[in-house]
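Remarks on the overall topology
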Amino acid sequence: MTSIIALDPGRNDIYQAFDLISSWPEYRQSPLIRANGLARELGLGTVWIKDESKRFGLGGVKALGAPYGLKQQLLKRGLTPGSPQCADYTAVAATDGNHGLAVAWAARKFGCHARIYVGSEVDQARITRIIDNGAEIVRIDGTYDDAVLAAEHAAQSPDILLITDTDYGHELDVTRDIMAGYAVLGIECARQLQAENITPDHVFLQCGVGGMAAGCAIGLWHESGQKPNVCTVEATNAACIQASLATGELTSVPGKLLTRMIGLSCGKPSLPAFEILREVSTQSIAIDDDVALIVQNALSAGINGDAPLETWDTGIAGIAGLWHVAKNNDLRARFGLNAQSNVLVINSEGPIPLPYRATI
């Protein structure tokens, strides 16, 4: 097994990201909700939901990664973020929606331009939000993975900054910086759980290319001093992490990767994220869209006295994975869930704002 010391981003990278991000005036620690009604519904001891639905006003965890990654890229070029010189640079990225929104927001914050590449299945509501945050959109006739390659191809000029959370070859420092930004989520979770005197037995984390899940896991591990017991959750049609965990190496899954959990519509993991997830993941599950929709509707309405959860199609995925496992006796036994289990899940995004929903 690999030591935590050998994993990248390392401890210094993670706490540097935490110190910088927590110094921003927009920063607020997101809430950790004890969902007693959900725990009763699933026959578990406690369920803790880390609620990212209002992070930086963008409504999603991706706002932790891209802004930090872009700021680091500017600093590494000797630029002061927000200075007039930044207007000479364009941040480019591929997205299924949330990462691109965060890149657009960060580019505007730091005085850069933004160009975002999207696959053919990204809905108009997400695209319009990105445009409204000042970015140019380039549509690719293909999947998210095709958009990743298009963004990389576009980033050959010295005035182009590739802000990608996907690295297939362990070559991009920006991807590891973005994961260090996501680690803020894990550090916050660990501190909030410590305040409740709780150590989670299981952490269910949704995975696209794996960056958010890996960042959260490595942050939890460093801050708590204990390796988290991670269960990865993916869409059935795009379960590239599950396939890679089974083979022990990066493995692509074919097809159009169609899923309503659009942020999970990825056919190949990011290598640095996979290296972390390979160390912390004890189980993996792939779920169908109908399960995610049922759980989204249930939690959005409030369940067993819990307050309604502001969540959306990708944000619900980790919770839906927990629901699917806990409701199936065979899976429940295999994953080691019982009436004493303490489980941590992430609500990784809030709803699309009302003005945009007419375009869905």
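Scroll up a little and you will see the structure.
Here is a short report on the structure shown in this document. All values reported here derive from a predicted model rather than from experimental measurement.

**Let's talk about the nonpolar core**
Ranked by internal contacts, the top residues of the largest apolar core, which has 78 residues, are Leu70 and Ile163. The leading source of residues in this core is helix α7 (residues 173-195), at twelve residues. Among residues more than four places away in sequence, those in contact with Ile163 are Ala66, Gly69, Leu70, Gln73, Ala91, Val92, Ala93, His99, Val103, Val174 and Ile178. Within the second largest apolar cluster, 34 residues are counted, among which are Ile49, Ala292, Ala320 and Phe335.

**A look at the environment of Arg126**
Along the chain, the position of Arg126 falls in helix α5 (residues 124-132). Given a relative accessible area of 3%, Arg126 falls into the buried group. Distance from Arg126 to Asp96, taken between C-alpha atoms, is 8.3 Å for residues 30 residues apart in sequence. Setting aside residues no more than four positions away along its own chain, Arg126 makes contact with Asp96, Gly97, Asn98, Ile262, Trp312, Asp313, Thr314, Glu349 and Ile352. Side-chain polar atoms of Arg126 contact the side chain of Asn98, separated by 3.2 Å.

**Things to note about the packing of helix α11 (residues 289-301) against helix α12 (residues 317-326)**
Between α11 and α12, the shortest axis-to-axis distance is 9 Å and the interhelical angle comes to 105 degrees. The angle between the axes of α11 and α12 places the two elements in the roughly perpendicular class. Of the residues in α12, those touching α11 at Val291, Ala292, Val295, Ala298 and Leu299 are Ile319, Ala320, Trp323 and His324. A breakdown of the residues in the contact of α11 with α12 according to their chemical character gives eight nonpolar, one polar and no charged.

**Some remarks on the state of the cysteines**
Note on terminology: a disulfide is the covalent bond linking the sulfur atoms of two cysteines. Applying the stated criterion across every chain, the model contains zero disulfides. Here Cys112 is not cross-linked by a disulfide; its sulfur's nearest cysteine counterpart is in Cys86, at 4.7 Å.

**Here we look at unusual backbone geometry**
Along the chain, Asp8 connects to Pro9 via a cis peptide bond; the corresponding omega equals 10 degrees. Its location among the elements puts Pro9 in the segment before α1 (11-21). Positioned with a positive phi, Phe56 is a non-glycine residue whose angle comes to about 55 degrees. What makes Phe56 buried here is its relative accessible area of 10%. Residue His170 is not a glycine yet carries a positive backbone phi of 60 degrees. Along the polypeptide, His170 turns up in the loop between β6 (160-162) and α7.

**Structural notes on the sheet that holds strand β4 (residues 113-118)**
The strands that make up a sheet are held in pairs by hydrogen bonds between backbone atoms, and each pair lies either parallel or antiparallel. Taken in spatial order, the four strands line up as β5-β4-β3-β6 in an open sheet, and their pairing is parallel. For this open sheet the edge positions go to β5 (136-139) and β6, each flanked by a neighbour on one side alone. Adjacent strand axes in the sheet meet at a mean angle of 25 degrees, parallel and antiparallel pairs treated alike. Both strand β3 (residues 90-95) and β6 contribute to a ladder of three bridges, which runs parallel. Bridging from a neighbouring strand, Thr90 pairs with Ile160 of β6. Across the sheet, helix α6 (residues 144-154) is in contact with β3, β4 and β6; its angle to β3 comes to roughly 160 degrees.

**Thoughts on the side chain of His222**
Tracing the chain through its elements places His222 in helix α8 (residues 211-224). His222 gets classed as buried once you look at its relative accessible area, which sits at 12%.

Rules behind the numbers
Residues numbered from 1 in each chain as written. Predicted model: local features only at pLDDT ≥ 70, side-chain atom pairs only at ≥ 80, totals over all residues. Heavy atoms only, no water. Core = buried A, V, L, I, M, F, W, Y, C linked by side-chain atoms within 4.5 Å. Buried < 20%, exposed > 50% of the residue type's maximum accessible area, 1.4 Å probe, protein only. Helix = DSSP H or I, 4+ residues; strand = E, 2+ residues; numbered from the N terminus. Contact = heavy atoms within 4.5 Å. Polar contact = N/O pair within 3.5 Å; in protein donor to acceptor, adjacent residues only side chain to side chain. Axes fitted to C-alpha atoms, helices over the stretch in contact; angles between N-to-C directions. Parallel < 35°, antiparallel > 145°, perpendicular 65-115°, else oblique. Nonpolar A, V, L, I, M, F, W, Y, C, P; charged D, E, K, R; others polar. Disulfide = S-S within 2.5 Å. Pairing = 2+ DSSP bridges.

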